[in-house]
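Next come the chains, spelled out residue by residue.
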Amino acid sequence: MGLNAALSMAKQSMEVFSTGIQVAGQNIANAGTPGYIRENMVLNPSDPYRQGALVNGTGVEISGIQQQIDQFLETRIHSANTEYSSINERDTIYKQLESELRELSGGDLSSGLNDFLSKLNNAVNQPSSIPDREFVISEADKFASEIGSLRQRINDLRTTQSVNVENTVKEANELIDKIVDLNPKISKLEASGLLQSDAGALRTQRYEALNRLSELIPVRYREREDGAIDVFTGSDYLVLAGSSQKLTLDTDTDRGVVTQQVLLSRTNSNISRTGGELKGIIEGRDDILGGFVDQLDSYASNLIFEFNKIHASGEGTAGFEQLTSASAALDPSATLNSTQSGLPFQATHGSFQIKVTNKSTGITNTTTINVDLDGIGADTTLSSLSSALNGVANLNSSVSTDGRLNISANSDYEFRFSNDTSGALAAIGINTLFTGSDSSDIGINSVVKDNQQFLALGQGGGPSDGSNAIALAAFSQQPIDQLGGISLDDYYDKVVSNIAQSSASEGALSEGAQTFRDSLMNQREQFSGVSIDEETINVLKFQRAFQSAARLVSTVDELYTILLQI
């Protein structure tokens, strides 16, 4: 049995060593393949046998060809992927927002406001100068357009993020499908776990799909005995045995932009903010960009209302013969300080004066119109305000079917406004410069834009009166209750400063998360990656071993020849 056993052992060894060369060759061939996991040939001594008083070995056998992978490290990488991807998306969106603010160029809102106020200051000394008045109106129009343009650019960024949500969901579903498709293939090739070998290439594809999926949403997986895996996100499953569920979109509108929330198709769980790129994109779209839209709206609405309150108490170089409010009430019978009125701004308890002048005689009659909003008795509505104005001599007033206040003077008469302590004129858009309610619709009153004479730079002191222009030029420095007692200038500076600080913080977090993830990937590369030098040594080792086994075959052959010659 000795020579036969030796010959059989040599033959088996040659098969083992040639397989080893094949495995090393597979590793070398995939040294540049992204995500490839090194394969190892697992060797064990063959079972020995007893011959008399001796126990002889039978050589070596291959237990299997297995991937060299650390499952715990893979889990840590998936968690790091999820964390980094979310932070990185937020960091990217912060940088895009900073770019749109254009604070380092001349196209920012601070510069626009300063240019507008500069033109107002120029008109203080020459309030009747037609070019100066037209410059003020032109600069106001430009500033309003800049606010509207910034709002539109932010809306475009938010729309882009909504498209990114759709693409992320599509990619995630494709990866889920890929895992579902690979599971039975791996189980079949590995004989449902009965073999000790891994379906290396298929498992590599599945690990890559899991790795990418972990960048999109949080995932964890559990391998079953048959080689297939179950995949979960949070407490919900994505792949479970033969079942799976996809990501679906629930579409809505938020601040003028179409948005989506992401739900699971079967459990209907909302996973929009659980983590990964999906969380970062949605938080960037709704919290970072959407939050700035809210702040921009607050800035624009306070600009409109506070400026208009001053402007509405001033006078231009000509009186009105007919005037229609820029804002419309949804319910003219609702009080002026209620949301039911539908007005963009709410008046307060107070009054304003209206001056009706006979253009032939120059005689002016001033009437005080009370705006009763003290909550006691019948408070002022748009309809009752119209009735009060209609009671003024040589003045007519009505409310149109679309909820706008119309005021007209009799022939040869004109009217002006002054001393509005209620904000009612600004609330309904009478004798105002700016129109709209926030950054989405801010504009310039066409009455003033078409005729510079209605730009209210004075307060009734004649052509050289620029007292209202002085108040208008200083409005941005005045504290505003709705902004927490700070001025419009300080509010915008605070907004921009907070964005810069948050962006810097997010950038630091992103850098730290990337460093941590990269360190884990380096560990993975060291453990599971291919080393050309190491594989070359393996090839040489198996080559020498194969040569030695072949030499053993040759030796046994020579011994058989000697036996046959006896």
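Residues numbered from 1 in each chain as written. Predicted model: local features only at pLDDT ≥ 70, side-chain atom pairs only at ≥ 80, totals over all residues. Heavy atoms only, no water.

- The protein chain appears in an unreviewed UniProt entry as Flagellar hook-associated protein 1 from Gimesia panareensis.
- Database annotation for the protein chain, UniProt heading Sequence similarities (unreviewed entry): "Belongs to the flagella basal body rod proteins family." (UniProt positions renumbered as here; feature names shortened; annotations may be inferred.)

1. Comments concerning the pairing of strand E16 (residues 413–418)
Phase 1 of the analysis: Most of E16 is tucked away: six of the six residues are buried.
Phase 2 of the analysis: A two-sided burial pattern is seen for E16, the buried positions comprising Tyr-413, Phe-415 and Phe-417 on one face and Glu-414, Arg-416 and Ser-418 on the other.
Phase 3 of the analysis: Bridging between strand E12 (residues 350–358) and E16 involves six bridges; their strand directions are antiparallel. Bridge pairing links Ile-354 to Phe-417 in E16. (Buried < 20%, exposed > 50% of the residue type's maximum accessible area, 1.4 Å probe, protein only. Helix = DSSP H or I, 4+ residues; strand = E, 2+ residues; numbered from the N terminus. Pairing = 2+ DSSP bridges.)

2. Looking at the nonpolar core
Phase 1 of the analysis: One finds Phe-116, Phe-415, Phe-417 and Phe-434 to be the most contacted residues of the largest nonpolar core, which totals 83 residues.
Phase 2 of the analysis: If you look at the next biggest cluster of nonpolar residues, it comprises 27 residues, including Ile-69, Leu-238, Ile-271 and Ile-282. (Core = buried A, V, L, I, M, F, W, Y, C linked by side-chain atoms within 4.5 Å.)

3. A look at helix H4 (residues 130–189)
Phase 1 of the analysis: In a regular helix each residue adds 1.5 Å, so 60 residues correspond to 88 Å; H4 covers 88 Å between its end C-alpha atoms and thus fits that length.
Phase 2 of the analysis: Looking one or two residues past H4, Ala-191 carries a phi angle of roughly 55 degrees, positive in sign. (Expected span 1.5 Å × (residues − 1).)

4. Some details on the layout of surface pockets
Summary: where empty space remains is shown by rolling a probe the size of a single water molecule over the atoms.
Phase 1 of the analysis: Its boundaries defined by the atoms lining it, the largest pocket holds a volume of some 270 Å³.
Phase 2 of the analysis: Lining of the largest pocket is provided by 17 residues; of these, Phe-305, Glu-306, Lys-309, Thr-421 and Gly-423 occupy positions nearest its centre.
Phase 3 of the analysis: The calculated volume of the second largest pocket comes to roughly 230 Å³.
Phase 4 of the analysis: Around the second largest pocket, the lining is made up of 16 residues, and of these Glu-315, Gly-316, Arg-416, Gly-460 and Gly-462 lie nearest the centre.
Phase 5 of the analysis: For the lining of the second largest pocket, the residue count by class is three nonpolar, eight polar and five charged. (1 Å grid on protein atoms, 1.4 Å probe; cavity = no way out; pocket = protein on both sides within 12 Å on 5 of 7 lines; lining within 4 Å. Points joined across faces, edges and corners; volume = space filled by probe spheres on them. Nonpolar A, V, L, I, M, F, W, Y, C, P; charged D, E, K, R; others polar.)

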